[in-house]
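# Structural features, examined
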Amino acid sequence: MLNDFMCATLLEKPENIFEFARAHFSGLQAEFRPQDAGTLVPLVITGPPGVGKKTLISRLRKICPGQFENPIPHTSREPIEALGEKDGEDAYFVTDERLTTDIENGKFFHYEPDENGAITGISYQAVDDIIAKGRVPVLSVPVNSFKLLLASRHYPTMQNVFLRPHEVDALEGRLKERGTDTEEQITNKLFRAEGDMAYSKTEGVFARVIVNAVVDNALAELKES
């Protein structure tokens, strides 16, 4: 109970902590009402590829159980039977034609093809579904997708955090350790990372820029955001 309250306090940053505490604890037994969803906003973590965004989010969800949730992506690939993937749980498995049409109609703020050409994306509806459940959507997106989300003004008060490496060499090491990219792909991602980190200095965009040298330290900074 106290853990939930601390997470809520760090997220909302109330001006009057006593009034916030009274409202928080008095409403614990109340059923969530759809109209209350408007008080919740997404927590968006962006940064260069390989910087550790998903790892940080996973740790955040563990220390604040029930508070945060990742949106379910849409994908045009087939479910992976060996992993037991289920439609509507691990992803929404749709046709390439339908996904492409929805992207063209502006229903997605993040989408990218994999090495086989299958597209995976995150829709505004997937984020709204989490808010409707009374939880905070937590998003891990590349900088180009963050810019689309920001420009859309769909969530004007969302919490924006930029995660960066302490140096580019460290980022290169992480990308090589993952073993999923060719040397050319790594070179391209490092070039993109330079532009991403320059963008992180844009005034008024990010609530916090966190250096991910040690995950525990980065997590502590995120909780203070």
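Just above, that's the structure.
On a predicted model such as this, the values are computed, not experimentally measured, just so you know.

## Things to note about the overall build of the protein
When helices and strands are counted, the protein shows nine helices and nine strands. The buried share of the protein, taken over its 225 residues, is 40%. Across the protein, contacts joining residues at least 24 apart in sequence account for 64% of those joining residues at least 6 apart. Surface summary for the protein: the accessible area is close to 13100 Å², and the carbon and sulfur share equals 50%.

## A look at helix H7 (residues 168-178)
Those residues of H7 lying buried are Ala170, Leu171 and Leu175. In an axial view of H7, the angular spread of the buried residues amounts to 140°, which keeps them on one side of the axis. Projecting away from the buried face of H7 at angles above 90 degrees are the exposed residues Asp169 and Glu177. In this structure, the buried side of H7 is in contact with helix H8 (183-199). Of the residues one or two after H7, glycine 179 is the one with positive phi, at around 70°.

## A word on the nonpolar core
In terms of nonpolar packing, the biggest core is built from 40 residues, with Leu43, Phe109, Phe146 and Leu149 touching the most fellow members. Looking at this core element by element, the count peaks at five residues for H8. The next biggest cluster of nonpolar side chains, apart from the first, holds five residues, and it includes Val94, Leu99, Ile103 and Phe108.

Conventions we followed
Per-chain numbering applies: the sequence of each chain, read as written, is numbered from 1 onward. In keeping with the model being predicted, local features are shown solely for residues with a pLDDT of at least 70 and side-chain atom pairs are shown and tallied solely at 80 or more, while totals for entire chains, interfaces and linings include all residues. Excluded from the side-chain calculation are hydrogens and water; included are all heavy atoms of the structure. Numbering of helices and strands runs from the N terminus, with a helix taken as a DSSP run of H or I at least four residues long and a strand as a DSSP run of E at least two residues long. Buried residues are those whose accessible area, probed at 1.4 Å on protein chains only, stays under 20% of the maximum for their type, while exposed residues exceed 50% and partly exposed ones sit between those limits. By definition in these notes, contact holds between two residues if any of their heavy atoms fall within 4.5 Å. Every accessible area reported is derived by Shrake-Rupley at a probe size of 1.4 Å, with residue values counting cover from the shown protein chains alone. Arc definition: it is the arc formed by the directions from the helix axis to the C-beta atoms. What makes a nonpolar core is a set of buried Ala, Val, Leu, Ile, Met, Phe, Trp, Tyr and Cys residues whose side-chain atoms join them at distances within 4.5 Å.

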